[in-house]
Amino acid sequence: MVTMSTAPKIWTRETGLVEKRDVWTAMKRGFRGRCPRCGEGKLFRAFLKTADHCSACGLDFTPHRADDLPAYLVIVIVGHIVVPGILWIETNYTTPVWLSFAAYLPFTFFASLALLQPVKGAVVGLQWALRMHGFDDNPPDGIPPV
């Protein structure tokens, strides 16, 4: 049988002093493609590849786990813009099918591409602000790193 250590944690003034992380500021900085901590260094080294660390403050970006969430959010955002527009145009005007495809498909494609990197940056900023996936300086005992 495995026994777990139940050593009491001693709370001191230093234990409570942690870096304050504002969620909205971190998300705005990430949306602009900047480091969520300092807002100076670049978050991305390629279109969707995050840098290994911030060039200004040295924050390690490798623990982020954005995965598919940015793509899902972009689909929701672009869908909420495109679908009402298509419904309004198609109910009020009679347009040929080729003209509809020539207008809707490129707009949807370019809107999705334009939003993908900013949304991923905002998700990484959110993860940093909420101390998710290894962005915590003092992880709890007994939880292995990802």
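Since we're looking at a predicted model, the values are computed, not measured.

**Some thoughts on the overall build of the protein chain**
From N to C terminus, the protein chain includes 4 helices and 0 strands. Ordered by position in the sequence, the α and β elements of the protein chain form the string α-α-α-α. Taking all 146 residues of the protein chain together, the buried fraction comes to 26%. Of all intrachain contacts in the protein chain linking residues separated by at least 6 positions in sequence, the fraction that spans at least 24 positions is 58%. In the form shown here, the protein chain has an accessible surface area of approximately 10,500 Å², with 65% of it arising from carbon and sulfur atoms.

**Focus on helix 4 (residues 97-129)**
Taking 1.5 Å of rise per residue, the 33 residues of helix 4 would be expected to cover 48 Å, and the 46 Å separating its terminal C-alpha atoms lies within 8% of that figure. Remark: the principal bend of helix 4, roughly 35°, maps to Leu116, with a proline, Pro118, within the next four residues. A positive backbone phi angle near 60° is found at Arg131, which sits one or two residues after helix 4.

**Section: the packing of helix 3 (residues 69-92) against helix 4**
At their nearest, the axes of helix 3 and helix 4 sit 8 Å apart, and the two run at 150° to each other. By the angle between their directions, the pair helix 3 and helix 4 is classed as roughly antiparallel. Handedness of the crossing formed by helix 3 with helix 4: right-handed. Residues Leu69, Pro70, Ala71, Leu73, Val74, Ile77, Val78, Ile81, Val82, Ile86, Ile89 and Glu90 of helix 3 touch helix 4, and the partners they reach there are Ser100, Tyr104, Phe107, Thr108, Ala111, Ser112, Leu115, Leu116, Val119, Lys120 and Val123. Within the contact of helix 3 with helix 4, the residues separate by chemical class into 18 nonpolar, 3 polar and 2 charged.

**Some details on the packing of helix 2 (residues 23-31) against helix 4**
Relative orientation of the contacting elements helix 2 and helix 4 amounts to 150°, with a least axis distance of 7 Å. When the axes of helix 2 and helix 4 are compared, the crossing they make is right-handed. Touching Val23, Ala26, Met27, Gly30 and Phe31 of helix 2 are Pro118, Val119, Gly121, Ala122, Gly125, Leu126, Trp128 and Ala129, all from helix 4. Of the residues that constitute the contact of helix 2 with helix 4, the class distribution is 10 nonpolar, 3 polar and no charged.

**Focus on the side chain of Arg21**
You can see Arg21 is positioned in the loop between helix 1 (13-16) and helix 2. Within the structure, Arg21 has its side chain in polar contact with the backbone oxygen of Phe135 (distance 2.9 Å).

**A closer look at the packing of aromatic side chains**
In total, this model carries 2 aromatic pairs according to the counting rule given. Measuring from centroid to centroid gives 5.6 Å for Trp88 and Tyr93, while their planes differ by 75°, and the two rings are edge-to-face. Taking the relative accessible area as the measure of exposure, Tyr93 reaches 47% and is therefore partly exposed.

**Examining the side chain of His64**
With respect to the helices and strands, His64 occurs in the loop between helix 2 and helix 3. Those residues in contact with His64, other than ones at most four positions away along the chain, are Thr50, Lys120, Val124, Gln127, His133 and Phe135.

**Remarks on helix 3**
Its 24 residues give helix 3 an end-to-end C-alpha distance of 35 Å, which sits within 8% of 34 Å, the value for a rise of 1.5 Å per residue. Remark: the principal bend of helix 3, roughly 30°, maps to Gly79. If you follow the buried residues of helix 3, they end up packed against helix 4.

**Considering the UniProt feature "transmembrane region" (unreviewed entry) in the protein chain**
Mapped onto this numbering, the UniProt entry gives "transmembrane region" (unreviewed entry) at residues 69-89 and 95-116. The span residues 69-89 shows a helical share of 100% and a strand share of 0%, and its end C-alpha atoms are spaced 30 Å apart. Span residues 95-116 is 91% helix and 0% strand, its end C-alpha atoms 30 Å apart.

Conventions we followed
Residues numbered from 1 in each chain as written. Predicted model: local features only at pLDDT ≥ 70, side-chain atom pairs only at ≥ 80, totals over all residues. Heavy atoms only, no water. Helix = DSSP H or I, 4+ residues; strand = E, 2+ residues; numbered from the N terminus. Buried < 20%, exposed > 50% of the residue type's maximum accessible area, 1.4 Å probe, protein only. Contact = heavy atoms within 4.5 Å. Areas by Shrake-Rupley, 256 points an atom, 1.4 Å probe, with all protein chains shown as cover. Expected span 1.5 Å × (residues − 1). Bend = angle between axes of the 7 residues up to and from the residue. Axes fitted to C-alpha atoms, helices over the stretch in contact; angles between N-to-C directions. Parallel < 35°, antiparallel > 145°, perpendicular 65-115°, else oblique. Left-handed = near helix turned anticlockwise from the far one by under 90°. Nonpolar A, V, L, I, M, F, W, Y, C, P; charged D, E, K, R; others polar. Polar contact = N/O pair within 3.5 Å; in protein donor to acceptor, adjacent residues only side chain to side chain. Phe/Tyr/Trp six-rings, centres within 6.5 Å; stacked < 30°, edge-to-face > 60°. UniProt positions renumbered as here; feature names shortened; annotations may be inferred.

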